[in-house]
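Topology and contacts: notes
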Amino acid sequence: MLAGLHAPMAPAANTDPIRIGLVLDLSGPFAEYGLQMQAGIKAFMKQRGDKVAGRPIELIVRDSTGPHPDVGKRVAQELLTREKVDILAGFGFSNVALAVAPMATQSKTPMIIMNAGASPITTASPYIVRTSFTLGQASDVMGRWAADNGIKKVMTIIADYAPGADAEEHFSRAYRAAGGEIVSGVRVPISNRDFAPYLQRVKNERPDAVFVFLPSGEPIIAFMKGYQERGLEADGIKAIAAFGADDGELPALGKSALGLISSQIYTPAHDSEKNRQFVKDFKEFDKHGLVPNFISVGAYDGMALIYAAVEKLNGDVSDGAKVVEAMKDWSHESPRGPISIDPETRDIIQNIYLRRVEEVDGKLVNVEFDKFENVKDPGKM
């Protein structure tokens, strides 16, 4: 080496925090969505730590208050412009996710969907990747299963918003293709809690089953109580659902939940060591007596996806397109079982489980009795 010349110094590693902006529902009737996500995220970070590729992970949380696109856009704008987050994540409702999607595209910010289930969401921006589900996955499976198990005529009752439309479309398509008949269907407001007139119509039409998709929480509880009170089970009309009632909702339903058959991505009784550890860690961070469900596991896996991409890029998240590219074709052993990201659609591929509400040791639980493996979103096939 010539005198006076020195080898160039290696650039210093970036140790600034990676800022993740979380758009969560933390107030109003759907506050449990945000609480489930928070506990799932904290459970993952307990297992993996709060640093990745030498960079601290910083969470900045904003309340989107429920299915309110204007609020979602406002808080996402604040996260992007004032907080200058590197990644957006969360999103309990599809209409909020779809409203924010153009902002992710404009700012070139990766946007991780941890819950919202409408099929078109990943087509709304090239920066969106989903770790939750699509309603098409669960509904298509339920349609095929129902037709193959002696259910010849069905009436549908679904919530009148994007995921409900997805559920209705994909259940009906799969069910009819397998030889089933849809005798009629109704859409109810997302805020509806009185199902008496709809259930009376089911009773009058006497199908073999009623297929239902409603938001988690109060709506499905009100529906199942009405189903029992009106004597539909006694009449031999089965209740089948995409997603159905979560284990945390079963105590409020009581015996009225017995026999409900649902297609779902996750149950806390799923038999794996990974899931048992997740349930244990979830309970450590939950302060509200919740039971882990599909929302918390979607958030857990969303963080796993973010960590994997950051590691693959050695901590450099400055180029949003490269972050998204690093997420394509990712696979992971989740508490729900094996999952992966479809590199063509940026949507999740996963098992869908058939579950029946049963009483086990004096407690109502969703018991898995069948599964469909490696299910893609049928809306993109």
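Now for a look at the structure at hand. None of these values were measured; they are calculated from a predicted model. (Residues numbered from 1 in each chain as written. Predicted model: local features only at pLDDT ≥ 70, side-chain atom pairs only at ≥ 80, totals over all residues. Heavy atoms only, no water.)

Attention now moves to the layout of surface pockets. Considering only enclosed or pocket space, the largest pocket measures out at about 270 Å³ in volume. If you list the elements that add at least two residues to the lining of the largest pocket, you get α1 (31-48) and α7 (218-229). Class assignment for the residues of the lining of the largest pocket results in seven nonpolar, six polar and five charged. Reported here for the second largest pocket is a volume of approximately 230 Å³. Listing elements by their share of the lining of the second largest pocket, those giving two or more residues are α9 (273-285) and β15 (363-375). With three residues, β15 is the largest single contributor of residues to the lining of the second largest pocket. Residue composition of the lining of the second largest pocket, grouped by class: eight nonpolar, one polar and three charged. (1 Å grid on protein atoms, 1.4 Å probe; cavity = no way out; pocket = protein on both sides within 12 Å on 5 of 7 lines; lining within 4 Å. Points joined across faces, edges and corners; volume = space filled by probe spheres on them. Helix = DSSP H or I, 4+ residues; strand = E, 2+ residues; numbered from the N terminus. Nonpolar A, V, L, I, M, F, W, Y, C, P; charged D, E, K, R; others polar.)

What follows covers the packing of aromatic side chains. Applying the stated criterion across every chain, the model contains 17 aromatic pairs. Look at phenylalanine 195 and phenylalanine 223: their rings are 5.7 Å apart centre to centre, the planes differ by 85°, and that puts the pair in the edge-to-face class. Taken together, the residues phenylalanine 195 in the loop between β8 (181-188) and α6 (196-205) and phenylalanine 223 in helix α7 connect sequence positions 28 residues apart. When sorted by exposure, phenylalanine 195 lands in the same class as phenylalanine 223, which is buried. Here phenylalanine 243 and phenylalanine 294 contribute two aromatic rings whose centre-to-centre distance is 4.9 Å and whose plane-to-plane angle is 80°, an arrangement assigned as edge-to-face. Placement of phenylalanine 243 in the loop between β10 (238-242) and α8 (250-253) and of phenylalanine 294 in helix α10 (residues 294-312) is noted, with a sequence separation of 51 residues between them. For the pair formed by phenylalanine 243 and phenylalanine 294, the shared burial category is buried. One aromatic cluster is present, formed by Phe44, Tyr266, Phe278, Phe282, Tyr300 and Tyr307 through successive ring pairs. Note that arginine 356 overlies the ring of phenylalanine 369, its terminal NZ or CZ placed 4.2 Å from the centroid. (Phe/Tyr/Trp six-rings, centres within 6.5 Å; stacked < 30°, edge-to-face > 60°. Buried < 20%, exposed > 50% of the residue type's maximum accessible area, 1.4 Å probe, protein only. Lys NZ or Arg CZ within 6 Å of the ring centre and 35° of its normal.)

Attention now goes to the pairing of β8. Strand direction decides the pairing type here: strand β7 (residues 153-159) and β8, joined by seven bridges, are parallel. The partner of valine 154 across the bridge, within β8, is isoleucine 182. Handedness of the β-α-β unit built from β7, helix α5 (residues 162-177) and β8 comes out right-handed. (Pairing = 2+ DSSP bridges. Right-handed = clockwise from strand over helix to strand, strands pointing away.)

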